[in-house]
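Residues per chain, in single letters:
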Amino acid sequence: MSLKSQKFSSHEIVDYDVKPTDQKILEMIEDYFSSQADEYDQFDENLEKRKRYNGKIDQLVREKLKSNQAKTLLSIACGTGKREIDIQNALATKVEIHGLDLNPVMCKLANERGIECQRGTVLSLDLTEASYDAIAYLHAFGHVPSRQQRSQEIEKIYNLLTPGGVFCVDLMNLDDENEWGPNIKKLYEEKKWSEKGLELGDIFYKRVDLQKTSFFHYFSESEIVQLLTNSGFESIHVQYVGYAINAGQEVKKDKGAMFVTAIKTDKV
Ligand SMILES: C[S@@+](CC[C@H](N)C(=O)[O-])C[C@H]1O[C@@H](n2cnc3c(N)ncnc32)[C@H](O)[C@@H]1O
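Worth saying up front: this structure is predicted, and the values here are computed from it rather than measured. (Residues numbered from 1 in each chain as written. Predicted model: local features only at pLDDT ≥ 70, side-chain atom pairs only at ≥ 80, totals over all residues. Heavy atoms only, no water.)

A. Representation of the nonpolar core in the model. Ranked by internal contacts, the top residues of the largest apolar core, which has 54 residues, are V61, L65, I203, F204 and Y218. Other than its neighbours up to four places away in sequence, I203 contacts I13, W180, I184, W193, S214, F215, F216 and Y218. Counting residues in each nonpolar core, the second largest holds 30 residues, with V169, F219, L227 and F233 among its members. (Core = buried A, V, L, I, M, F, W, Y, C linked by side-chain atoms within 4.5 Å. Buried < 20%, exposed > 50% of the residue type's maximum accessible area, 1.4 Å probe, protein only. Contact = heavy atoms within 4.5 Å.)

Right, here's the structure in full:
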């Protein structure tokens, strides 16, 4: 299984002989977040760059909710639900927010906060009705284990939106010079990760203080645009927000994470 690891300051990269299955990766991620759910909000709060970055993304989500006059929001991978409560409190008009999260501890915390949260993924839950004016996927779409599952999730998200509904997602950027992206590209080539079944942008890592492995996928702009277009989304807009450096500021495309919005156009 885990062969060698390479240090990346607070995290270390984990190298597998063969990419674990989608199911195994989901179990890994669930376990990773179980071990930090109780301290998750504090971790976010204490890390200045994360606080600034999340604050900016939340503001952009609120602006979209307002301009789209959304009355219902589904927050996928809502974690503890703290950001959803912050978003709701800062809005003048009430938006009904539902959540879902893979992790049972996260889900319990979100429910205790007053966000009606179901445990599961978009794919595992029996959600069929096009009943949300907006869907957000904050700091988590990269956890989806494979291109196939990402594509299936986006398709389902499209179907859950009301016509004219908006999807908001933030993603780690493979081309962000200030973050891991360029190193991931290098490792992918050097370590021949494609032969192990990894996709360009995939990374397995451990927090050095927490011996649990997680998975994240870094995106290129063309990749996310293609994914959304394939499912029928239109009016796709990508903007860049500093993450590691100039956190929370709007930056050029090779200097930050991506915030993407896309519309389910009303075709009647
Ligand atoms: C980095 S945290 C982000 C939580 C929250 N959105 C925030 O920004 O504070 C990632 C969350 O995504 C959840 N998660 C990971 N993969 C998921 C998936 N495929 N479907 C639903 N939840 C998922 C994890 O359990 C965890 O709560």
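So, next bit.
B. Looking closely at the environment of E84. Mapping E84 onto the fold places it in helix α4 (residues 82-89). As for E84 and L73, which are separated by 11 residues in sequence, their C-alpha atoms are 9.4 Å apart. With residues near it in sequence (within four places) discarded, E84 still touches S75, C78, I97 and I115. Of the polar contacts made by the side chain of E84, one reaches the side chain of S75; its length is 2.5 Å. (Helix = DSSP H or I, 4+ residues; strand = E, 2+ residues; numbered from the N terminus. Polar contact = N/O pair within 3.5 Å; in protein donor to acceptor, adjacent residues only side chain to side chain.)

C. Local environment of the sheet that holds strand β11 (residues 257-263). Pairing is mixed across the open sheet formed by 7 strands, whose spatial order is β5-β4-β3-β6-β7-β11-β10. Pairing within the sheet leaves two strands with one partner each, and these edge strands are β5 (116-119) and β10 (234-241). Ignoring which end each strand starts from, the neighbouring axes of this sheet average 15° apart. Sheet topology note: the strand β6 (residues 132-137)/strand β7 (residues 161-171) ladder contains 5 bridges and is parallel. Across the sheet, the residue bridging to A136 is C168, located in β7. Its contacts with the sheet place helix α6 (residues 147-160) against β3 (72-76), β6 and β7, and it is angled at close to 140° to β7. (Pairing = 2+ DSSP bridges. Axes fitted to C-alpha atoms, helices over the stretch in contact; angles between N-to-C directions.)

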